[in-house]
Amino acid sequence: MDVLSALSAGAGPSATPSNQSLGQQDFMRLLIAQFQAQNPLEPLGNTEFIGQLAQFSVVSGVQQLDSSFKGVAQQLTGDQVLQGASLLGKPVQRVSDQIGFDGQHAPVMTLDVPPGAARVEVDVLNANGVRVAQRVQDNPAAGEFTLAWDGLLADGSRATPGRYGVQARAVAGASSAALTVRTEATVTGIAPSAQGLQLALDDGSTTSLNDVTLIRAAR
């Protein structure tokens, strides 16, 4: 008879314990009950007894390790919140394939142009992925390059406020290479998550702190 069997025999069918986890005192009480209920002709062997003790030690160790991990996770979450609080009100630059247009201010995009590029093209896409505007810069200097979209569509009309997709590429002759777009917005809120600290931005978007490439001083 093992510990769980002794528990069943001593508790009876009407027992409904509120806590299903076993502490050290619970284990010792069950072990004593097991000794009392064992068959005198077939007593618990040393090997079986040591095995049950070892099993309980493993379970207890795992529970303590789980508690330690929870404590570390709580500490990390607290550190994330403190770190994020220092970003409130500050403009951040992050990798993004979208820009926000508020109807007045021209959103600015930052690109890293490779040497030898003859032209940079940036497509502005609507919610359906259709190009509605394009910005082109000939003979851009290699390195960091900024480009603003004035909110004008290809037909000359003004775009409605909202979120737009962006795709950028560097062109050299018949070849082209996609470019990573970085956009800027101000942090208005923070939220810790399993994926890391999430930042709410004033353009209506959210981004992970891991995607932030530059933090500016508050304006």
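Residues numbered from 1 in each chain as written. Predicted model: local features only at pLDDT ≥ 70, side-chain atom pairs only at ≥ 80, totals over all residues. Heavy atoms only, no water.

A. Highlighting the environment of proline 91. Relative to the elements of secondary structure, proline 91 occurs in strand β1 (residues 91-95). As a C-alpha pair, proline 91 and alanine 185 span 94 residues in sequence and 5.3 Å in three-dimensional space. With sequence-adjacent residues up to four places away left out, proline 91 is seen in contact with Glu184, Ala185, Thr186, Leu214, Ile215, Arg216, Ala217, Ala218 and Arg219. (Helix = DSSP H or I, 4+ residues; strand = E, 2+ residues; numbered from the N terminus. Contact = heavy atoms within 4.5 Å.)

B. Seen up close, the layout of surface pockets. Within this model, the largest pocket holds a volume of roughly 420 Å³. If you trace the largest pocket, you find 17 residues lining it, with Gly100, Pro107, Glu184, Asp202 and Asp203 closest to the centre. Those elements giving two or more residues to the lining of the largest pocket turn out to be β2 (98-101) and β9 (182-191). Of all the elements, β9 adds the most residues to the lining of the largest pocket, at 4 residues. Looking at the lining of the largest pocket residue by residue, the class counts come to 6 nonpolar, 5 polar and 6 charged. (1 Å grid on protein atoms, 1.4 Å probe; cavity = no way out; pocket = protein on both sides within 12 Å on 5 of 7 lines; lining within 4 Å. Points joined across faces, edges and corners; volume = space filled by probe spheres on them. Nonpolar A, V, L, I, M, F, W, Y, C, P; charged D, E, K, R; others polar.)

C. Spotlight on the side chain of aspartate 123. As for its position among the elements, aspartate 123 is in strand β4 (residues 119-125). Here the side chain of aspartate 123 touches glutamine 134 through a polar contact of 2.8 Å, side chain to side chain. Among all residues touching aspartate 123, those that are not within four sequence positions of it are Arg131, Ala133, Gln134, Gly165, Val166, Gln167 and Arg169. (Polar contact = N/O pair within 3.5 Å; in protein donor to acceptor, adjacent residues only side chain to side chain.)

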